[in-house]
Amino acid sequence: MFYLKLFINAFLEKKVNAIIYSLSFFIMLGAFLYQSEIALFASNTLSVKRKALSFKIAYRENQMTNGFEAKILKIPGVLKIVPVQQDSINKNIQKVLLKYDINQELLNLERFQGLKIILHEDLSIKNQEMVRTYVSKLLANTNSFVAPLSVPNQDLLIQTGNFRGVSLQVLKISMFIAFLSFLISFYFMLMNLYKKSFIVENYQRKKYVALKSLAIGHSPLIFLLLWGIYSEKFQKSFIFLIAILSLGFILTIVTKSQERNGKSSL
Amino acid sequence: MQVGNLSPRLTNSVHKFQSLFKISNTNIFIKKNMILNDLNLDINPADFIFLTGKTGAGKTTFLNFLWGKSKNLKISGEVIRPGDHCFIAKVFQDLRVFNNETIIENLFYAYDEFIYGSEENFKKEIYHYAKILEITKHLESKLSECSGGICQKVAILRAILSRADIILLDEPTSSLDHDSSMIIYDLLKILNKKNKVTIIWATHDSELVRKLSGKILHIKNKRILDTGNTCFI
């Protein structure tokens, strides 16, 4: 308990440093362990926010054959189909009917179903229209509506494409910054621990207090590293090797500088 | 004035040796610069030594040499040191106290469960000495709120509480008035007489040394001269 108390005392003495140390450690660790998952999440988030190339249809369900949706999915160029909510269908159809002064009651809107057909981004304009035409033909002889194509802003397409690439670079840079922050805060924490350990060694009959406190205070980290090596998450990882060497380097620098200043008996 | 006791284990080990340090034909260097040369002296258990000399004469260097934990020093010559069971505590010239901690928290760096048994016993000893040094009312205050003199008393008290066999003091009373300096001297003298603690007190204040009783080692021209004992005026 003595060494743990000393470590916690040294760690929490500078609260800002402790916060930076903890945050950067978890960011770094999380980003390192789950970088592929984070990249996928960022990619998906971006594609969700960006408006997809799509068009909507509304049709009476009882007029459609089985496998209507499967047929649409098989059309080349169709990425996916998404059901549209009833409220949205009603609203849009009402708008059209009002425009042409048609009596809504005749149509019985509640029996309409809606689908949003999302197309591949890189489909040419000609092919986009071909898909829309084919779907219209599938809906022929039924009471149905086919909305015009919703095309995302071309500039936005280019921007988001670049943005996706940039976001992955930003992820890597963030990991690097988190690692640097961790190293710097580790350095200051270590200096503080050495100062306290030096005093303890001078006034108590104890040796290697700093190393013992460091080992006990970082026992969860050491456990994590061992688990990482065992579970092969860290094996053959150049970045992991650099991280360990950097920590060892900081430890050596601090030890040597404290010895030079007569503040360490190590 | 009553003082605390050394543990019996430590007292017996100190008396085992006739000399604590036996230094023969020894030179001390810092980075190839010779600081002290041709040292020939013995330091015995229960010695009370004043180490005097001008600023920059090498008093701190000699204390560091006796302390044995400084990696900057290179030694040539024959030196016999006390074993590991002889504990040396040092009071630093720059004090090395923690200003953002309270006096009690600073003193607790000297708490060794093996020696005191419990924190309660240690606190009793703190309050006992704090009364002598007149710092009782400041014990819960942070050192940053206290004067330099109080910080110096805390640094000295920390060394006393460590129950060391040898206490090295580097300019321990530089920030203290005459009366406080005399209290420190009286306290250390009792520790020396009753508990056989070896005291080595480095100071450039020859006025103070003239008023006190102890063996004097004077540093001049890179040599240490044994000028005998002072006596009370």
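Residues numbered from 1 in each chain as written. Chains lettered and ligands numbered in written order. Predicted model: local features only at pLDDT ≥ 70, side-chain atom pairs only at ≥ 80, totals over all residues. Heavy atoms only, no water.

The next thing to look at is the sheet that holds strand β4 (residues 144-146) of chain A. The pairing of strands in a sheet comes from backbone hydrogen bonds and takes either a parallel or an antiparallel form. Residue and element names in this part refer to chain A. Read from one edge to the other, the open sheet built from 4 strands follows the order β2-β3-β1-β4, with strand pairing classed as antiparallel. In this open sheet, the two strands that pair with only one neighbour each are β2 (78-84) and β4. Going from strand to strand, the sheet's axes swing by 20 degrees on average, the running direction of each strand aside. Sheet topology places β2 next to strand β3 (residues 112-119); 6 bridges connect them, and they run antiparallel. Opposite Lys80, over in β3, you have Ile118 as the bridge partner. Lying on the sheet, helix α5 (residues 86-99) is in contact with β1 (54-60), β2, β3 and β4; it crosses β3 at an angle near 95 degrees. Packed onto the sheet, helix α6 (residues 125-138) meets β1, β2, β3 and β4 and runs at close to 5 degrees relative to β1. (Pairing = 2+ DSSP bridges. Helix = DSSP H or I, 4+ residues; strand = E, 2+ residues; numbered from the N terminus. Axes fitted to C-alpha atoms, helices over the stretch in contact; angles between N-to-C directions. Contact = heavy atoms within 4.5 Å.)

Bringing the nonpolar core into the picture now. Counting residues in each nonpolar core, the largest one holds 110 residues, and the members touching the most others are B:Phe62, B:Leu66, B:Leu161, B:Ile167 and B:Leu188. Residue contributions to this core peak at 14 residues, all from helix α7 (residues 154-203) of chain A. Once residues lying within four places of it in the same chain are set aside, the contact partners of B:Ile167 are B:Ala89, B:Val91, B:Ala159, B:Ile160, B:Val197, B:Thr198, B:Ile199 and B:Ile200. A:Tyr59, A:Phe68, A:Val78 and A:Val135 belong to the second largest nonpolar core, which has 17 residues in total. (Core = buried A, V, L, I, M, F, W, Y, C linked by side-chain atoms within 4.5 Å. Buried < 20%, exposed > 50% of the residue type's maximum accessible area, 1.4 Å probe, protein only.)

So, about the packing of helix α6 (residues 148-161) of chain B against helix α7 (residues 178-195) of chain B. Helix packing for two helices is described by the angle between their axes and how far apart those axes are. Residues and elements named next belong to chain B. Viewed as axis vectors pointing N to C, α6 and α7 meet at an angle of 5 degrees, and their least axial separation amounts to 12 Å. On the basis of their axis angle, the class for α6 and α7 is roughly parallel. Residues Lys153, Ile156 and Ile160 of α6 form the contact with α7, whose participating residues are Ser180, Ile184, Leu187, Leu188 and Leu191. Considered class by class, the residues forming the contact of α6 with α7 number 6 nonpolar, 1 polar and 1 charged. (Parallel < 35°, antiparallel > 145°, perpendicular 65-115°, else oblique. Nonpolar A, V, L, I, M, F, W, Y, C, P; charged D, E, K, R; others polar.)

All we've got here are geometric facts, nothing functional implied.
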